[in-house]
Amino acid sequence: MSPLKPARSTPARPAPPVADPDRWGVSPEAGRWPTLAVLIGLYAVSVTPFLSGLLRGEAQDIGRGVITAMATALLLGLVWRGHVWAWRLTLGFSVLAGLLVFVGGMLAGASTGGPAGWVVSGAGLAYLLLGTALVGTPAIRAFLDERWASRTRPRRTRP
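To start, this report covers the structure provided alongside it. (Residues numbered from 1 in each chain as written. Predicted model: local features only at pLDDT ≥ 70, side-chain atom pairs only at ≥ 80, totals over all residues. Heavy atoms only, no water.)

**Some words on the pattern of salt bridges**
Working step 1: Within the structure shown, the criterion is met by four salt bridges.
Working step 2: Residues Arg32 and Glu29 are paired through a salt bridge, measuring 2.7 Å at the closest nitrogen-oxygen approach.
Working step 3: With a relative accessible area of 27%, Arg32 lands in the partly exposed category.
Working step 4: Among the ionic pairs, Asp61 bridges to Arg64, the shortest N-O distance being 3.3 Å. (Salt bridge = Lys/Arg side-chain N within 4 Å of Asp/Glu carboxyl O. Buried < 20%, exposed > 50% of the residue type's maximum accessible area, 1.4 Å probe, protein only.)

**A word on the environment of Ile140**
Working step 1: Locating Ile140 in the fold gives a position in helix H6 (residues 138-152).
Working step 2: Spatially, the C-alpha atom of Ile140 lies 9.4 Å from that of Val26, the residues being 114 residues apart in sequence. (Helix = DSSP H or I, 4+ residues; strand = E, 2+ residues; numbered from the N terminus.)

**So, the nonpolar core**
Working step 1: Counting residues in hydrophobic clusters, the biggest one holds 18 residues, and the most contacted among them are Val38, Leu42, Val79, Trp87, Leu134, Ile140 and Leu144.
Working step 2: For this core, the secondary structure elements donating two or more residues are helix H2 (32-55), helix H3 (62-81), helix H4 (84-112), helix H5 (116-136) and H6. (Core = buried A, V, L, I, M, F, W, Y, C linked by side-chain atoms within 4.5 Å.)

**Structural notes on the packing of H4 against H5**
Working step 1: Relative orientation of the contacting elements H4 and H5 amounts to 160°, with a least axis distance of 7 Å. In terms of orientation, H4 and H5 fall into the roughly antiparallel class. Here the hand of the crossing between H4 and H5 comes out left-handed.
Working step 2: The residue inventory of the contact of H4 with H5, partitioned by class, reads 17 nonpolar, nine polar and no charged. (Axes fitted to C-alpha atoms, helices over the stretch in contact; angles between N-to-C directions. Parallel < 35°, antiparallel > 145°, perpendicular 65-115°, else oblique. Left-handed = near helix turned anticlockwise from the far one by under 90°. Nonpolar A, V, L, I, M, F, W, Y, C, P; charged D, E, K, R; others polar.)

**Structural notes on a nonpolar patch on the surface**
Working step 1: A cluster of nonpolar side chains, contributed by Leu51, Leu54, Ile62, Val66 and Met70, occupies part of the molecular surface with about 420 Å² of accessible area.
Working step 2: Per-element accounting of the nonpolar patch gives the leading share, three residues, to H3.
Working step 3: For Leu51, the location among the structural elements is in helix H2.
Working step 4: You can call Leu51 partly exposed: its relative accessible area is 44%. (Patch = residues over 30% accessible without salt bridge, like charges linked within 9 Å, V, L, I, M, F, W, Y side chains within 5 Å. Areas by Shrake-Rupley, 256 points an atom, 1.4 Å probe, with all protein chains shown as cover.)

**Some thoughts on H3**
Working step 1: Look at H3: 28 Å from first C-alpha to last across 20 residues, which is about the 28 Å you get at 1.5 Å a residue.
Working step 2: Those residues of H3 lying buried are Gly65, Ala69, Thr72, Leu75, Leu76, Leu78 and Val79.
Working step 3: Summarising the contacts, the buried residues of H3 are in contact with H2, H4 and H6.
Working step 4: Looking one or two residues past H3, Gly82 carries a phi angle of roughly 105°, positive in sign. (Expected span 1.5 Å × (residues − 1). Contact = heavy atoms within 4.5 Å.)

Structure below.
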C-alpha cells in the first residue's frame, strides 16, 4: 500500500490592488501631471523618427508609420485609463526599445564618427528614463495605483 500524498489546496487569488496614499508617501492626485508628461514624452520619442522622415519627404513607409503612431497612442491611452497589462507592455517596450536604440546609436556613432549616433543614443536613453519613471517615481505610481484600484472596485448597480 502506498501512502497517499495530502491534497494540495490551491492558493486564493490575490486581492486587487487598493490605492493606499501612504504607500508611496504622496497623494495620487500629485502624480496626474507627471504621468501625463511621461506618457506624452514616450509618444513623442516614438513618433519623432516617422515625423522627421515625412519632413524629409520619405513617404514610402507612411502606412506603417501611421499604424505604429496610432497603436502607440492607443497603448499609452490605456495606460492612462488604468490598464495594468498596458502599463506592463509599455514598460517592457520602453526598456527593450531603449536598450536597442542606445546600442544602435553607439554602433552608428562609432562607424560614422558623426553626431547622428549620439542623437540616436540620446533617444535610447530617453526611452529608458521615461520607462523607468513609470516604475520609479512615487507620484506616478500613486496615481497609477489609484487608477488601477478604481478599475477593479466593484461598480454600483442601480436598484
